[in-house]
Amino acid sequence: MSVKIRLQRHGKKGKPYYWIVAADARSKRDGKYLEKLGAYNPNTNPATVELNVDGAVQWLQNGAQPTDTARAILSYKGAMLKNHLAGGIAKGALTEEQAEAKFNAWLDEKAAKVQSKEANLSEAQAKAKADALAAEKAVNEARIAAAAPVVEEETTEEAQAEGDDATASNEEE
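Chemist: Lay out the pairing of strand β1 (residues 3-12) with the relevant residues and their values.
Modeler: Where β1 lies against strand β2 (residues 15-24), 10 bridges are found, and the strand directions are antiparallel. Among the inter-strand pairings, V3 is bridged to a residue of β2, identified as D24. Between the end of β1 and the start of β2, which pair antiparallel, lie 2 residues, with G14 showing a positive phi angle near 85°. Summarising the sheet, β1 and strand β5 (residues 65-66) pair through 2 bridges and their orientation is parallel. Opposite I5, over in β5, you have P66 as the bridge partner.

Put into structure tokens, the structure is as follows:
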């Protein structure tokens, strides 16, 4: 029996939500599974992934084959790296402490990248909101100016009166 680590779709139409499961390759996409390893929500930005890394590594070491999307998710969360480091420990290339240190360093770096992306997204969202508010204020000011009573006739009459005064003063010189 071959085992695959794959996604099982849940959620409603247009709003997918996936479970990451270890399942028999012959079972249906949303059918029976052996173990639920986590969840994946692509509707958020950045996508939300909850994963039991140790359980996924255990299945990978026992020969489970991840699908392409599942492999990308496992790689994103570090399960593939942890499996790789476990192989190095088994061969004697690394000690458990060295592997754990490398994995923790990778996790810290990954967390920093995700944090910076979230900060950039929130900053961009705040900037877009401020720009929209400024555009809305400009439109409102234009509407107020258009709705204001017309005072141009008085100003043109005053300008003509001032023009007459200027021509009279020129004649006096």
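Now that the structure is up, let's keep going.
Chemist: Tell me about unusual backbone geometry, and please be specific about residues and values.
Modeler: In this model, N45 is joined to P46 through a cis peptide bond whose omega is -5°. Here P46 shows up in the loop between β3 (35-41) and β4 (48-51).

Chemist: Tell me about the side chain of R6, residues and numbers included.
Modeler: Structurally, the position occupied by R6 is in strand β1. In this structure, R6 is buried with no salt-bridge partner, the nearest side chain bearing the opposite charge being D24 at 7.3 Å. In this structure the side chain of R6 is engaged in a polar contact, spanning 3.5 Å, whose partner is the backbone oxygen of D24. Within the structure, the side chain of R6 is placed 2.9 Å from the backbone oxygen of K28, a separation counted as a polar contact. In contact with R6, not counting residues within four places along its chain, are W19, I20, V21, A23, D24, A25, S27, K28, R29, T67 and A70.

Chemist: Before we move on, could you go through the packing of helix α3 (residues 79-91) against helix α4 (residues 96-147) and cite the residues and values that matter?
Modeler: Packing of α3 against α4 brings their axes to within 10 Å, and their N-to-C directions diverge by 165°. Taken together, the axis directions place α3 and α4 in an arrangement best described as roughly antiparallel. The two elements α3 and α4 meet at a crossing, and its hand is right-handed. Contacts between α3 and α4 pair L81, K82, L85 and I89 from the former with E96, A99, K102, F103 and W106 from the latter. Across the contact of α3 with α4, the residue classes break down as 6 nonpolar, no polar and 3 charged.

Chemist: Explain the nonpolar core residue by residue, including any values.
Modeler: The biggest cluster of nonpolar side chains holds 24 residues, and the ones touching the most others in it are I5, I20, L37 and L51. When residues in this core are grouped by element, the largest group, 5 residues, is from helix α1 (residues 53-61).

Chemist: Which residues make up the pairing of β4, and what values go with them?
Modeler: Going residue by residue along β4, you find V49 and L51 tucked away on one face and T48 and E50 left uncovered on the opposite face. By the bridge criterion, 4 bridges tie β3 to β4 in an arrangement that is antiparallel. Looking across to β4, one finds that G38 is bridged to L51.

Chemist: Before we move on, can you summarise the sheet that holds β1 with the specific residues and values?
Modeler: The strands making up a sheet associate through backbone hydrogen bonding, with each pair oriented either parallel or antiparallel. Spatial ordering of the open sheet is given by β4-β3-β2-β1-β5, a layout of 5 strands whose pairing is mixed. Only two strands of the sheet have a single partner each, and these edge strands are β4 and β5.

Chemist: Provide a residue-level description of the pattern of salt bridges, including the pertinent values.
Modeler: For side chains bearing opposite charge, pairing can occur when the charged atoms are close. In total, this model carries 5 salt bridges according to the counting rule given. Between D54 and K82 there is a salt bridge, with its nearest N and O atoms 2.8 Å apart. With D54 in helix α1 and K82 in helix α3, this residue pair connects regions lying 28 residues apart in the sequence. The salt bridge involving K127 is made with D131; its shortest N-O contact spans 3.2 Å. Pair noted here: K127 and D131 are both in helix α4, with a separation of 4 residues, about one helical turn. Looking at K127, the relative accessible area reads 54%, which means it is exposed.

Reading the values: the criteria
- Residues numbered from 1 in each chain as written.
- Predicted model: local features only at pLDDT ≥ 70, side-chain atom pairs only at ≥ 80, totals over all residues.
- Heavy atoms only, no water.
- Pairing = 2+ DSSP bridges.
- Helix = DSSP H or I, 4+ residues; strand = E, 2+ residues; numbered from the N terminus.
- Buried < 20%, exposed > 50% of the residue type's maximum accessible area, 1.4 Å probe, protein only.
- Lys, Arg positive; Asp, Glu negative; His and termini not counted.
- Salt bridge = Lys/Arg side-chain N within 4 Å of Asp/Glu carboxyl O.
- Polar contact = N/O pair within 3.5 Å; in protein donor to acceptor, adjacent residues only side chain to side chain.
- Contact = heavy atoms within 4.5 Å.
- Axes fitted to C-alpha atoms, helices over the stretch in contact; angles between N-to-C directions.
- Parallel < 35°, antiparallel > 145°, perpendicular 65-115°, else oblique.
- Left-handed = near helix turned anticlockwise from the far one by under 90°.
- Nonpolar A, V, L, I, M, F, W, Y, C, P; charged D, E, K, R; others polar.
- Core = buried A, V, L, I, M, F, W, Y, C linked by side-chain atoms within 4.5 Å.

Geometric descriptors of this kind do not, in isolation, establish any biological role.
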